[in-house]
Every structure is written in structure tokens, then in C-alpha cells.
Amino acid sequence: MGAYFIDFIPILVLYGIPSMIAGSTAKKECITTSTGFACTVSPSGAGAMLMFVGWVAALGYGIWNFGYRQGVTGSSIGKSVMKFKVVSEATGQPIGFGMSVVRQLAHIIDGAILCIGYLFPLWDAKRQTLADKIMTTVCLPIR
């Protein structure tokens, strides 16, 4: 859980700050209708561009951290700080870029079933999430 929060702090910064700036420069227009007020909020051109650049930067970081870094070394930044790695159950080696990206996508299933997939490690002997079972990966401590 700690690794998850550490991994997502840069994403929040990379996308959150530009979004807040865009929101503060947004244009708000309200009109009176027969049923009350109707308002629209639209970011300025510069604000929309800033949000787009922030989104691209956050996406790039995520692909690097969860795809490349985790795939090659076994650990994302958060996992490194928390001192564990993701490896193939069969080989004990990092799973590579492509499989690491697919593993991250498999976590959608963990969340789709009311986040029960994330709770599997509480009762599973190998402490695997449902995504880990699908991908045949395990998390091991770094010594």
C-alpha cells in the first residue's frame, strides 16, 4: 500500500498542478434560464494546453515507472523504497517491459470486483493479488 502512494505522488504532481492552474484561469459563464442558473466552465487555451502537457508527462512517467523500471529491475520507485520487487513466479526474474505493462492493466480486474482482488494477499499463501495470479508473478523482499 505504501509503494502505491509513493508511486502516485509524481503523477499527482505532474497532472494535478497543471490542472489546478488551468482551473484557476478557467472562464465561467452563467446565464439565467426559466428554471434557474446554468453555468459553463471552460479552461483558457493556455490552461487546456498546460493540462494536456501535464497529462502527457504523467502518462510518460507511469509508462517509465511501471513498464520500464519495474519490468527491468522488478521494482517501481515505490517498491524500491518499500524494499520489494515483482518477479516471475516460474523464473524469479523481472518480467520485462511488456508483461509489466500488462500486469498493471490486469490490476483493473482487481478493482473491478469491488477491489477484492487487492485484498487477496490477506488470505493467499503467496500473498498474490488476483492480477499477480493472472500474470503468475509474486512480490518478494529485496535483500
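Reading guide: rules and limits
Residues numbered from 1 in each chain as written. Predicted model: local features only at pLDDT ≥ 70, side-chain atom pairs only at ≥ 80, totals over all residues. Heavy atoms only, no water. Helix = DSSP H or I, 4+ residues; strand = E, 2+ residues; numbered from the N terminus. Rg over C-alpha atoms; globule rule 2.2 N^0.38 Å. Buried < 20%, exposed > 50% of the residue type's maximum accessible area, 1.4 Å probe, protein only. Contact = heavy atoms within 4.5 Å. Areas by Shrake-Rupley, 256 points an atom, 1.4 Å probe, with all protein chains shown as cover. Pairing = 2+ DSSP bridges. Axes fitted to C-alpha atoms, helices over the stretch in contact; angles between N-to-C directions. Parallel < 35°, antiparallel > 145°, perpendicular 65-115°, else oblique. Left-handed = near helix turned anticlockwise from the far one by under 90°. Nonpolar A, V, L, I, M, F, W, Y, C, P; charged D, E, K, R; others polar. Phe/Tyr/Trp six-rings, centres within 6.5 Å; stacked < 30°, edge-to-face > 60°. Patch = residues over 30% accessible without salt bridge, like charges linked within 9 Å, V, L, I, M, F, W, Y side chains within 5 Å. Salt bridge = Lys/Arg side-chain N within 4 Å of Asp/Glu carboxyl O.

Trainee: How should the overall build of the chain be read in this particular structure?
Mentor: Counting secondary structure elements, the chain contains six helices and four strands. The helix and strand sequence of the chain, counted from the amino end, reads α-β-β-α-α-β-α-α-α-β. Its C-alpha atoms give the chain a radius of gyration of 20 Å, more than 25% over the compact-globule value 15 Å for 143 residues. With the C-alpha coordinates of the chain rotated into their principal frame, the extents come out at 65 × 30 × 25 Å. By residue count, 28% of the 143 residues in the chain fall in the buried class. A separation of at least 24 residues holds for 55% of the contacts in the chain among residues at least 6 apart in sequence. Counting only carbon and sulfur atoms, one obtains 72% of the accessible surface of the chain, whose full area is about 9,000 Å².

Trainee: Where do I start with the pairing of strand β2 (residues 36-42) in this structure?
Mentor: Each regular strand carries side chains that alternate between the two faces of the sheet. Of the pairings in the sheet, the one linking strand β1 (residues 27-33) to β2 comprises seven bridges and is antiparallel in character. Paired with K27 across the two strands is S42, which belongs to β2. Between β1 and β2, which pair antiparallel one after the other, the connecting turn spans two residues.

Trainee: Looking at this model, I keep getting lost on the packing of helix α2 (residues 45-73) against helix α4 (residues 97-112). Mind explaining?
Mentor: Relative orientation and spacing of two packed helices are given, respectively, by the angle between their axes and the distance between those axes. Here α2 crosses α4 at 130 degrees, and the two axes come no closer than 7 Å. Relative to α4, the element α2 lies oblique. Judged by the twist between their axes, the crossing of α2 over α4 is right-handed. On α4, the residues that touch I63, F66, G67, Y68, Q70 and G71 of α2 are F97, S100, V101, R103 and Q104. Its residues assigned to classes, the contact of α2 with α4 shows five nonpolar, five polar and one charged.

Trainee: How should the packing of aromatic side chains be read in this particular structure?
Mentor: Here the structure, examined in full by the defined rule, presents six aromatic pairs. Aromatic pair Y4 and F5: ring centres 5.5 Å apart, planes at 80 degrees, arrangement edge-to-face.

Trainee: Is there a simple way to explain the packing of helix α1 (residues 2-24) against α2 in this structure?
Mentor: It is the contact of α1 with α2, at a shortest axis distance of 7 Å, that shows an interaxial angle of 175 degrees. Of the possible angle classes, the one that applies to α1 and α2 is roughly antiparallel. Across the interface between the two elements, D7, F8, P10, I11, L14, Y15, P18, S19, I21 and A22 of α1 pack against G47, L50, M51, G54, W55, A57, A58, Y61, N65 and F66 of α2. Residue composition of the contact of α1 with α2, by class: 15 nonpolar, four polar and one charged.

Trainee: Teacher, can you tell me more about a nonpolar patch on the surface here?
Mentor: Nonpolar side chains collect at one region of the surface, where Y15, M49, F52, V53, W55, V56, L59, I63, W64, Y68, V72 and F97 lie side by side and expose about 1,200 Å² of accessible area between them. In terms of residues, the nonpolar patch owes the most to one element, α2, which gives 10 residues.

Trainee: It is not clear to me how the pattern of salt bridges should be interpreted in this structure. Could you clarify?
Mentor: Pairs can form between side chains of opposite charge once their charged atoms are near each other. Taken as a whole and assessed by the stated rule, the structure comprises four salt bridges. Of the charged contacts in the structure, one is a salt bridge between D132 and R103, with a shortest N-O distance of 2.8 Å. One end of the pair, D132, is in helix α6 (residues 130-135); the other, R103, is in helix α4, with 29 residues separating them in the sequence. For the pair D132 and R103, one class covers both residues: buried. Between K133 and D124 there is a salt bridge whose closest N-O contact spans 2.6 Å. On the basis of relative accessibility, which here comes to 34%, the residue K133 falls in the partly exposed class.

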